[in-house]
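Descriptive structure summary
Residue-level listing of the chains:
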Amino acid sequence: MFDRSLNQALAYVLDGLADAEAGVFVLDWADSDTLGSETLTALIDAGILQSHCSAASIICPGCEEACPMPVEQREIEQGHLSFIVCDQPQDLGRISLDPRHLDQWRTDIELVASCIAKLISTVTLPSVLIPNGLVRLGRTEINGADAACFLARDGSQAIFDHRALREAANPLVLHPGRIEKADIAHLDLAQTISFKDGQLSFDVGAAAKALSNVAPQANENIFRRQGQAWEVRFQGRSVNLRHTLGLGYIAELLPRPRQPLAALELYAGTRTGGEILIERSMEASDQRSRTTLLKAVKGTQAELKRARDGNALGKVDMLEAREKSLQAELTRDFGKSGKVRRHGGPSEKARQNVQKAIQAALVAIGKVHAALGFHLKAAISTGTECVYNPVQTTPWKIIL
């Protein structure tokens, strides 16, 4: 019975939020009397409501006019005295007020978003996209499927045309009130959250149904990670693949067309960040080694000149051999340009592993989806840097 009154109160608050022009719905003592203090406390505990500043005006209960009157306060020994000043002959003078009648509570889209994000356990904190209009709740799993959840205050075109919604993979928009028509999965909050045994809960089934009712667009290309498998959609055809590191690397490249990504960065993303620190340390060490080699070459050349000038033929042969050896070492490790060359260091290890993993993934893709395999083999280049460079712009939705 208590849950029924709680859900009625919840519907009242959500309806008020949907209709609030300023994006903030404020309740006062009259609402408190209607809803009941216990129900109000439950809404506050659930995070739907929070305390608001005290009312600065009030509907005067002193006569039948029901006039809105400004509230005045005076400090007294016991605290504060709240009253209104009435100019009606029958009520002339100060009329004291119960301070509880000045209490107010509020809700807004950000407050509700924070509450819902906790209910659905999003992996990131909510972020405001349109003040008092649209909040990105974050990604969560709904019946085994990954969804990008948003909270909208209304169904205006400006909200549903927002870039974040259009670019999101598998978006779900929650909202107070009704939305007549939208091509993105959406669900009325009143059908999604409710009280059960005094606790606020989220209807996963209703959310899953809303998502399933919106079919993906025919031209939508998707790379979706689902545990130890990938669902890949290209040119209207979907296939499933067992997870490999190569598929993960490809998923990193696809949303960054024509933007080279270091193989070491891809590799480190699946290992520990310490690999990058080792690389930097090696680079510093290599520069010191190059400086030492250059000093040795110059020193040997100076000795060689003195030996030639002194006609010390035996020493000349030895110094020429040493100079040749040092020059060969310098060229081997640093090249003519002086750039560090790797011989089995983190960069080379990353290049080899990433290249091998991506090539294996491309072979696996080609076996089950020839068109996609052909497209990716032609568009992806691997090496010290990897890049996805399609001939024609091909948008992807990546769901990790």
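Report on the accompanying structure.

Calculation rules
Residues numbered from 1 in each chain as written. Predicted model: local features only at pLDDT ≥ 70, side-chain atom pairs only at ≥ 80, totals over all residues. Heavy atoms only, no water. Pairing = 2+ DSSP bridges. Helix = DSSP H or I, 4+ residues; strand = E, 2+ residues; numbered from the N terminus. Axes fitted to C-alpha atoms, helices over the stretch in contact; angles between N-to-C directions. Contact = heavy atoms within 4.5 Å. Expected span 1.5 Å × (residues − 1). Buried < 20%, exposed > 50% of the residue type's maximum accessible area, 1.4 Å probe, protein only. Polar contact = N/O pair within 3.5 Å; in protein donor to acceptor, adjacent residues only side chain to side chain. Salt bridge = Lys/Arg side-chain N within 4 Å of Asp/Glu carboxyl O. Core = buried A, V, L, I, M, F, W, Y, C linked by side-chain atoms within 4.5 Å. Phe/Tyr/Trp six-rings, centres within 6.5 Å; stacked < 30°, edge-to-face > 60°.

One open sheet accounts for 3 strands, arranged β1-β8-β2; its pairing is antiparallel. Both edges of this open sheet fall to β1 (24-27) and β2 (50-52), since each of them pairs with a single strand only. Put simply, the sheet's adjacent strands are angled 40° from each other on average, direction ignored. As judged from the 4 bridges shared by β1 and strand β8 (residues 104-108), these two strands associate in the antiparallel manner. Within β8, the residue paired with Phe-25 across the bridge is Thr-107. Strands in contact with helix α4 (residues 109-120) are β2 and β8; relative to β8, the strand with the most contacts, it is inclined by about 70°.

Here we have 4 strands laid out as an open sheet, ordered β18-β17-β16-β22, and mixed in their pairing. For this open sheet the edge positions go to β18 (237-242) and β22 (397-399), each flanked by a neighbour on one side alone. Neighbour to neighbour, the strand axes of the sheet diverge by 15° on average, direction disregarded. Docked against the sheet, helix α12 (residues 346-368) engages β16 (222-226) and β18, running at close to 135° with respect to β18.

Between the first and last C-alpha of α4 there are 16 Å, a value that for 12 residues agrees with the 16 Å anticipated at 1.5 Å per step. When we look at burial in α4, the residues that qualify are Ile-109, Leu-111, Val-112, Ala-113, Cys-115, Ile-116, Ala-117 and Ile-120. The distance from a side-chain oxygen at the start of α4 to the backbone nitrogen of Glu-110 is 3.1 Å, and the residue carrying that oxygen is Asp-108.

Turning next to the pattern of salt bridges. Considering all chains together, one arrives at 6 salt bridges under this definition. Arg-256 is paired through a salt bridge with Glu-252; the nearest N and O atoms lie 3.3 Å apart. What makes Arg-256 partly exposed here is its relative accessible area of 30%. With a shortest N-O distance of 2.6 Å, Arg-308 and Glu-320 are connected by a salt bridge. Within this pair, whereas Arg-308 is found in helix α10 (residues 274-309), its partner Glu-320 is found in helix α11 (residues 313-334), the two being separated by 12 residues in sequence.

A word on the nonpolar core. Grouped together as the largest cluster of nonpolar side chains are 42 residues, with contacts concentrated most on Leu-151, Leu-172 and Leu-174. If we ignore the near neighbours within four places in the chain, the residues touching Leu-172 are Ile-142, Ala-148, Cys-149, Phe-150, Ala-185, His-186, Ala-207, Ala-210 and Leu-211. If you look at the next biggest cluster of nonpolar residues, it comprises 31 residues, including Leu-264, Val-354, Ile-365 and Leu-372.

Attention now goes to unusual backbone geometry. Notably, Asp-197 is not glycine yet its phi reads approximately 55°, a positive angle. With respect to the helices and strands, Asp-197 occurs in the loop between β14 (193-196) and β15 (199-202). Residue Asp-197 is classed as exposed on the basis of its relative accessible area of 75%. Phi is positive for Arg-258, which is not a glycine, with a value near 65°.

Moving on, we come to the packing of aromatic side chains. Following the criterion strictly, the structure yields 4 aromatic pairs and no others. Aromatic pair Phe-223 and Trp-396: ring centres 5.7 Å apart, planes at 80°, arrangement edge-to-face. With Phe-223 in strand β16 and Trp-396 in the loop between β21 (385-388) and β22, this residue pair connects regions lying 173 residues apart in the sequence. With respect to class, Phe-223 is no different from Trp-396; both count as buried. Ring geometry for Phe-234 and Trp-396: centres 5.7 Å apart, planes at 10°, overall stacked. One end of the pair, Phe-234, is in strand β17 (residues 229-234); the other, Trp-396, is in the loop between β21 and β22, with 162 residues separating them in the sequence. Residue Phe-234 is classed as buried on the basis of its relative accessible area, which comes to 4%. Connected via pairs of aromatic rings, a cluster forms that spans Phe-223, Trp-230, Phe-234 and Trp-396.

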